[in-house]
Amino acid sequence: MTIKAAFWPMSGGAVREPFDPNQVLIERTGAFTYSALLPAGIYDLIIAGGGGNGLASNVMGVIFYNKGGSGAAWEGQIYNPVEQQITLYAGGLQQDSYMDLGGVRVITAGRGGDHKGGSTGHGGDGGIISVGSLQIIQQRLSANGNGGERGVTSYTPTPAVCSFNGWGQGGSNGLEYAVAGGIRLQYIRLE
């Protein structure tokens, strides 16, 4: 003879989602810090460093541009196994963006480099992406930024590698057309 019974966890009920599925927790650009306790679960993350400074020089009536580099970027889904502290920083122009999880730096999206020198100088280097120990579910992008062009007559800025809002685009004339870094964190599901 068997006895039919329902099993409930000792906590007295079903596990609840900490947020609504697909809820965006933070989406910011330019010199902004987000810090909170992050519940366990799967999250979508986009992070990009800020764009670098370019230079326009007038040489015998012709404008030449040494462009700033674009910021590095990372995009994908991560798994946070336990509730822990998260700090995300969206870098402004010429600033790195980063993510700390549990007090440890796990992602740095480096800023685009500034032009080097005057009219005979060079474009800025692209930012460098650095990813530490992190449980990655899906990686859509992990890219260093684009280097800025040298001595060209086109004012078109250095394109961003980030697919979201042009975050990290490099400048062409000073910080003209440069775009700050950014962060976007979206809750997906528990597991």
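Brief notes about the packing of aromatic side chains
Counted according to the given criterion, the structure contains 5 aromatic pairs. Three or more aromatic residues joined by ring pairs make a cluster, and in this case those are Phe19, Tyr43 and Tyr187. In this arrangement the basic side chain of Arg28 is found over the ring face of Phe32, its NZ or CZ atom lying 3.8 Å from the centre. Directly above the aromatic system of Tyr98 lies the positively charged group of Arg105, at a separation of 3.7 Å from the ring centroid.

Considerations on the environment of Leu175
Its location among the elements puts Leu175 in the loop between strand S11 (135–143) and strand S12 (182–189). Residues Leu175 and Gly145, 30 residues apart in the sequence, show an inter-C-alpha distance of 16 Å. Not counting residues within four places of it along the chain, the set of residues in contact with Leu175 comprises Gly51, Gly52, Asn53, Leu93 and Gln94.

Considerations on the confidence of the model for the protein chain
Averaged over every residue, the pLDDT of the protein chain is 92; residues scoring 70 or more account for 92%. Here residues 1–9 is modelled with pLDDT under 50, and outside its nearest four sequence neighbours on either side it reaches 2 contacts, counting other chains as well.

What to know about the nonpolar core
In this structure, Ile47, Leu88, Met99, Ile107 and Leu185 are the most contacted members of the largest nonpolar core, which totals 23 residues. Looking at this core, the elements that each hand over two or more residues are strand S1 (24–29), strand S2 (32–38), strand S3 (41–48), strand S6 (73–80), strand S7 (84–90), strand S8 (97–101), strand S9 (104–109) and S12. In this structure Leu88 touches Ile26, Phe32, Thr33, Tyr34, Leu45, Ile47, Tyr98, Met99, Ile183 and Leu185, once residues within four positions along its chain are discounted.

Some points on the sheet that holds S12
If you walk across this open sheet you meet the 5 strands as S1-S12-S3-S6-S11, and the pairing is antiparallel. The sheet is open, and its two edges are formed by S1 and S11, each paired on a single side. For this sheet, the mean inter-axis angle between neighbouring strands, taken without regard to orientation, is 10°. In the sheet, S3 pairs with S12 via 7 bridges, with the strands oriented antiparallel. Note that in S12 the partner of Ala48 across the bridge is Gly182.

Rules and cut-offs
The numbering scheme is per chain: residues are counted from 1 as the chain's sequence reads. The predicted origin of the model limits local features to residues at a pLDDT of at least 70 and limits the giving and counting of side-chain atom pairs to 80 or more, whereas totals for whole chains, interfaces and linings rest on all residues. Only heavy atoms go into the side-chain values, all of them from the structure, while hydrogens and water stay out. Aromatic contacts are taken between Phe, Tyr and Trp rings whose centres are within 6.5 Å, Trp giving its six-membered ring; a plane angle under 30 degrees counts as stacked, one over 60 as edge-to-face, and the others as tilted. Definition used: whenever NZ (Lys) or CZ (Arg) falls within 6 Å of the ring centre and also within 35 degrees of the ring normal, the charge is taken to sit over that ring. By the criteria applied, helices consist of DSSP H or I runs no shorter than four residues and strands consist of E runs no shorter than two, each listed in order from the N terminus. Residue contacts are defined here by distance: any two heavy atoms, one from each residue, within 4.5 Å place the two residues in contact. Within a predicted model, pLDDT stands for the predictor's per-residue confidence, ranging from 0 to 100. What we call a nonpolar core is a set of buried Ala, Val, Leu, Ile, Met, Phe, Trp, Tyr and Cys residues that are connected through their side-chain atoms within 4.5 Å. Three labels apply to residues, based on accessible area from a 1.4 Å probe with only protein chains included: buried if under 20% of the type maximum, exposed if over 50%, partly exposed otherwise in between. Think of it this way: DSSP has to see at least two bridges between two strands before they count as a pair. Comment: axis = line fitted to C-alpha atoms, over the contacting stretch for helices; angle = value between 0 and 180 degrees taken between N-to-C directions.

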